[in-house]
Amino acid sequence: MSNSVPPNTSTPRHSVSVAGAVVRDDGRLLAIRRADNGAWELPGGVLELEETPEDGLRREVLEETGIHVEVDQLTGVYKNIVAGVVALVFLCKPSGGAERLSGETRAIQWLTPEEVSERMTEAYGIRLLDALDPNGPYVRTHDGRRLLPAL
């Protein structure tokens, strides 16, 4: 007899992703320009079933940027209610490697907090800005572009 529980078709399906708020010693923040939609975002991606959040984050940042990171702490949880994606964002420090583009990235830049606000949509820029705020972690909901008001 199996101990597995049959799937409940009425249960919503979510995807869990991880993203790195990678901060250099000079305070600049790592951002990528995605190849698929041209948007500026944090490096990261979908967590694989066998991975811990930290391992998945290190893998995703390295794959997308060529940069190794040390994972520090959780700075926020962000849910895209349209796509059903829950993103865990962690503060990170670069620890080696060399910047390089991948099939997922069109550009890599180290931005100031002001440049983050100028280039990124509200839903993604806030993740980097929240990581700089010692009052976190934050829990926020968005529609893929804009933050939604807390209930």
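What counts, and where the lines are drawn
- Residues numbered from 1 in each chain as written.
- Predicted model: local features only at pLDDT ≥ 70, side-chain atom pairs only at ≥ 80, totals over all residues.
- Heavy atoms only, no water.
- Core = buried A, V, L, I, M, F, W, Y, C linked by side-chain atoms within 4.5 Å.
- Buried < 20%, exposed > 50% of the residue type's maximum accessible area, 1.4 Å probe, protein only.
- Helix = DSSP H or I, 4+ residues; strand = E, 2+ residues; numbered from the N terminus.
- Contact = heavy atoms within 4.5 Å.
- Pairing = 2+ DSSP bridges.
- Axes fitted to C-alpha atoms, helices over the stretch in contact; angles between N-to-C directions.
- Patch = residues over 30% accessible without salt bridge, like charges linked within 9 Å, V, L, I, M, F, W, Y side chains within 5 Å.
- Areas by Shrake-Rupley, 256 points an atom, 1.4 Å probe, with all protein chains shown as cover.
- Salt bridge = Lys/Arg side-chain N within 4 Å of Asp/Glu carboxyl O.
- Lys, Arg positive; Asp, Glu negative; His and termini not counted.
- Polar contact = N/O pair within 3.5 Å; in protein donor to acceptor, adjacent residues only side chain to side chain.

*Asks:* Explain the nonpolar core to me, please; I cannot follow it from the model alone.
*Replies:* General note: in soluble globular proteins, nonpolar side chains tend to be found buried as a group. Membership of the largest hydrophobic core comes to 18 residues, with the highest contact counts inside it found for Ala21, Leu42, Tyr78, Val89, Val116, Met120 and Leu128. Going through the elements one at a time, β1 (15–22), β2 (29–34), β6 (85–97) and α3 (122–132) are the ones with two or more residues in this core. If we skip the residues at most four places from it in the chain, leucine 42 touches Ala19, Gly20, Ala21, Ile32, Val89, Met120, Tyr124, Arg127 and Leu128. Formed by 14 residues, the second largest nonpolar core is a distinct cluster that contains Ile32, Val61, Val69 and Ile108.

*Asks:* Explain the sheet that holds strand β5 (residues 67–80) here, please?
*Replies:* Spatial ordering of the open sheet is given by β4-β1-β6-β5-β8, a layout of five strands whose pairing is mixed. The sheet is open, and its two borders are formed by β4 (44–46) and β8 (138–142), each paired with just one other strand. When strand polarity is set aside, the average angle formed by the axes of neighbouring strands in this sheet is 30 degrees. Bridge count for β5 against β6 is twelve bridges, and the pairing is antiparallel. Each residue of the ladder has a partner; that of isoleucine 67, found in β6, is glycine 97. Strands β1, β4, β5 and β6 of the sheet are contacted by helix α1 (residues 53–65), whose axis makes an angle of about 110 degrees with β5.

*Asks:* Before we go on, may I ask you to explain the environment of valine 16 in this structure?
*Replies:* With respect to the helices, strands and loops of the structure, valine 16 is situated in strand β1. Residue class for valine 16 comes out partly exposed when judged on its relative accessible area of 34%. Separated by 30 residues in sequence, valine 16 and valine 46 place their C-alpha atoms 5.9 Å apart. With sequence-adjacent residues up to four places away left out, valine 16 is seen in contact with Val46, Leu47, Val86 and Leu88.

*Asks:* Where do I start with the sheet that holds strand β7 (residues 105–111) in this structure?
*Replies:* Sheet strands line up and pair through hydrogen bonds in the backbone, either parallel or antiparallel. Ordered by their spatial adjacency, three strands build an open sheet running β3-β2-β7, and the pairing between neighbours is antiparallel. With partners counted over all chains shown, the strands left at the sheet margins are β3 (40–41) and β7, one partner each. Across six bridges, the pairing between β2 and β7 is antiparallel. In the sheet register, leucine 29 faces β7, and the bridge partner there is leucine 111. This element, α1, spans β2 and β7 of the sheet and lies at about 65 degrees to β2.

*Asks:* So what exactly am I meant to see when it comes to a nonpolar patch on the surface here?
*Replies:* A contiguous nonpolar surface patch, about 270 Å² in accessible area, is contributed by Ile81, Val82 and Leu148. Position of valine 82 among the secondary structure elements: in the loop between β5 and β6. Of the residues examined, valine 82 reaches a relative accessible area of 64% and is grouped as exposed.

*Asks:* Whenever I open this one, the environment of leucine 111 confuses me. Can you help?
*Replies:* Within the secondary structure, leucine 111 sits in strand β7. Measuring from C-alpha to C-alpha, the distance between leucine 111 and arginine 24 comes to 10.0 Å, with 87 residues separating the pair along the chain. Among all residues touching leucine 111, those that are not within four sequence positions of it are Gly27, Arg28, Leu29, Ala31, Val116 and Arg119.

*Asks:* What's the story with α3 in this structure? I'm lost.
*Replies:* Quick reminder: α-helices carry 3.6 residues per turn. Residues three or four places apart thus point the same way. In terms of burial, α3 is a largely internal element, eight of the eleven residues being buried. Of the positions making up α3, those classed as buried are Ala123, Tyr124, Gly125, Ile126, Arg127, Leu128, Asp130 and Ala131.

*Asks:* Is there a simple way to explain the side chain of arginine 127 in this structure?
*Replies:* By the element assignment, arginine 127 lies in helix α3. The side chain of arginine 127 is buried and forms no salt bridge, while glutamate 41, the nearest opposite charge, is found at 6.3 Å. Of the polar contacts made by the side chain of arginine 127, one reaches the backbone oxygen of alanine 123; its length is 3.1 Å. If near-sequence neighbours (up to four positions away) are discounted, arginine 127 is found in contact with Leu42, Tyr78, Ala87, Val89 and His142.

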